[in-house]
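# Observations on the three-dimensional arrangement
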Amino acid sequence: MNSSELEGLMPELTTAPATGARRPAVRVKELAERDRRRMLMHFLVLDDSDRLLRFGTVLPDELITRYVQRLDFSRDAVFGVYDDNLHLLGVGHLAFTPREASPTLTNATLKERIAEFGVSVASSARGMGIGSKLFERAAIHCRNEDVDTLYMHCLSSNQTMIHIAAKAGMKIHREYGEADAYLKLEPASPGTMLAEAVEEQFAFFDYGVKANTKAAMKWLRKLPNWKK
Ligand SMILES: CC(C)(COP(=O)(O)OP(=O)(O)OC[C@H]1O[C@@H](n2cnc3c(N)ncnc32)[C@H](O)[C@@H]1OP(=O)(O)O)[C@@H](O)C(=O)NCCC(=O)NCCS
């Protein structure tokens, strides 16, 4: 199936979200082992206030490095959005934990696992819908993984994240300067399976085009008569 056939099949995945003005399409791709270095680059340029919002504490570089080294792609799902140079503009980490491991959520679900979501977007790329798209992808992935409780922890002052959570229908509980947000998800359906597979295909094509363009430009720049 080629890109235009895919666009015909799922036009809603090729256009901007329904909020406000049209934005460039955001392609969310599942990340893997080979993306670890790019993830590290993404996190290391977050400033102190972003690190506080993302991790709940101003994590120093060494602990960020350890966090990235320890990401377990076989247990969790990590999603990313690349720019044209294949730098990561946004990273969303969906951590799956057994229900019993989280005493406050044990009664929230009968499923074996719950999911916790954390997200960051490069400061230069904010307001373009990347954070929202990463969240949407995480939610559909949970459904397809038979997880019905999506949890997020953030500071009460994080108005942007609280806006994204509320927009997605999350119930938000604020206490002592912190906010917990929960989303109960519907079960998976053939539609959610197809939507996630198609989204991944689009992101895969998009990545391939960017990688090939980058390689071609690198080669062209080596030509003796090449002018920018
Ligand atoms: C939170 C974060 C991921 C959002 O990423 P983003 O790509 O800018 O998000 P989006 O563009 O998808 O959406 C931003 C939404 O928040 C709204 N918004 C922006 N600033 C806001 C504010 N101060 N108050 C309320 N809403 C705000 C925007 O209008 C937009 O809403 P819309 O889509 O309904 O128009 C990004 O700001 C970030 O990385 N912050 C630091 C880390 C962090 O806070 N992580 C979350 C904790 S896990």
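The structure this text deals with has already been given above.
Residues numbered from 1 in each chain as written. Predicted model: local features only at pLDDT ≥ 70, side-chain atom pairs only at ≥ 80, totals over all residues. Heavy atoms only, no water.

## Concerning the nonpolar core
Grouped together as the largest cluster of nonpolar side chains are 32 residues, with contacts concentrated most on L94, F117 and L150. Of all elements in the fold, only β2 (77–82), β3 (88–98), β4 (113–121), α5 (130–144), β5 (149–155), α6 (159–167) and β7 (178–184) reach the threshold of two or more residues within this core. With six residues, the single largest contributor to this core is α5. Among all residues touching L150, those that are not within four sequence positions of it are L94, A115, F117, F135, A139, C142, M170, A181, Y182, L183 and L185. The next biggest cluster of nonpolar side chains, apart from the first, holds 16 residues, and it includes L31, L59, L71 and V91. (Core = buried A, V, L, I, M, F, W, Y, C linked by side-chain atoms within 4.5 Å. Buried < 20%, exposed > 50% of the residue type's maximum accessible area, 1.4 Å probe, protein only. Helix = DSSP H or I, 4+ residues; strand = E, 2+ residues; numbered from the N terminus. Contact = heavy atoms within 4.5 Å.)

## Notes on the packing of helix α3 (residues 48–55) against helix α4 (residues 61–70)
The axes of two packed helices give the description: the angle between them and the distance between them. At a minimum axis separation of 13 Å, α3 and α4 run at an interaxial angle of 40°. With respect to their mutual orientation, α3 and α4 come out oblique. For the element pair α3 and α4, the recorded crossing hand is left-handed. On α4, the residues touching R51, R54 and F55 of α3 are D61, I64 and Y67. Considering only residue class, the contact of α3 with α4 consists of three nonpolar, no polar and three charged. (Axes fitted to C-alpha atoms, helices over the stretch in contact; angles between N-to-C directions. Parallel < 35°, antiparallel > 145°, perpendicular 65-115°, else oblique. Left-handed = near helix turned anticlockwise from the far one by under 90°. Nonpolar A, V, L, I, M, F, W, Y, C, P; charged D, E, K, R; others polar.)

## Regarding the packing of aromatic side chains
One pair of aromatic rings is described through two measures. These are the centre distance and the angle between the planes. In total, this model carries seven aromatic pairs according to the counting rule given. With a centroid separation of 5.7 Å and an interplanar angle of 75°, the aromatic rings of F117 and F135 are classed as edge-to-face. Linking F117 in strand β4 with F135 in helix α5, this pair joins segments that are 18 residues apart in sequence. The positively charged end of R27 is found above the aromatic ring belonging to F202, 4.7 Å away from the centroid. The ring of F96 has R113 sitting right over it, with the charged end atom 4.6 Å from the ring centre. (Phe/Tyr/Trp six-rings, centres within 6.5 Å; stacked < 30°, edge-to-face > 60°. Lys NZ or Arg CZ within 6 Å of the ring centre and 35° of its normal.)

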